[in-house]
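# Analysis of the macromolecular model
Residue strings, one per chain:
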Amino acid sequence: MKESDVVRAIMKYLKTVPGCFCWKEHGGMYGTAGIPDIIACIDGHFFGFEVKTADGKPTKLQEVTIRKIRSAGGTALVVRSVDEVRGAIEAALH
């Protein structure tokens, strides 16, 4: 499965979550390097999901950004499936 397929599946799921505002962050020259692929705010809680394939690894900059989000009180992690996203949301909000 390609990373873009995983992103689409996660976005489809997030759109069903009550109280969720989310978007796919697009890289490129106008974006901020290292920002997670998917940003969501659910019931006032910030989430950053860096999407990778089964064998994909985050860059050093992505790892640093994840640590900064966590130190600011948000939830940020590398995910590879909708189930991981669902589990992270449930853990953070319940």
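Reference entry: report on the structure contained in this document. (Residues numbered from 1 in each chain as written. Predicted model: local features only at pLDDT ≥ 70, side-chain atom pairs only at ≥ 80, totals over all residues. Heavy atoms only, no water.)

In contact at an axis separation of 9 Å, helix H1 (residues 3-14) and helix H3 (residues 82-93) are set at 40° when each is read in the N-to-C sense. Relative to H3, the element H1 lies oblique. Handedness of the H1/H3 crossing: right-handed. Taken together, the residues of H3 that come into contact with H1 (itself represented by Ala9, Ile10, Tyr13 and Leu14) are Val82, Val85, Arg86 and Ile89. Here the residues of the contact of H1 with H3 sort into 7 nonpolar, no polar and 1 charged. (Axes fitted to C-alpha atoms, helices over the stretch in contact; angles between N-to-C directions. Helix = DSSP H or I, 4+ residues; strand = E, 2+ residues; numbered from the N terminus. Parallel < 35°, antiparallel > 145°, perpendicular 65-115°, else oblique. Left-handed = near helix turned anticlockwise from the far one by under 90°. Contact = heavy atoms within 4.5 Å. Nonpolar A, V, L, I, M, F, W, Y, C, P; charged D, E, K, R; others polar.)

To continue, consider the pairing of strand E2 (residues 38-42). Taken across its 5 residues, E2 has 4 buried, putting it largely inside the fold. With 5 bridges connecting them, strand E1 (residues 20-24) and E2 associate as antiparallel partners. Residue pairing for E2: Cys22 is matched across the bridge by Ala40. Relative to strand E3 (residues 45-51), E2 runs antiparallel, the two sharing 5 bridges. Within E3, the residue paired with Ala40 across the bridge is Phe47. In this structure, the hairpin formed by E2 and E3 is closed by a connection of 2 residues, where Asp43 is found at a positive phi of approximately 50°. (Buried < 20%, exposed > 50% of the residue type's maximum accessible area, 1.4 Å probe, protein only. Pairing = 2+ DSSP bridges.)

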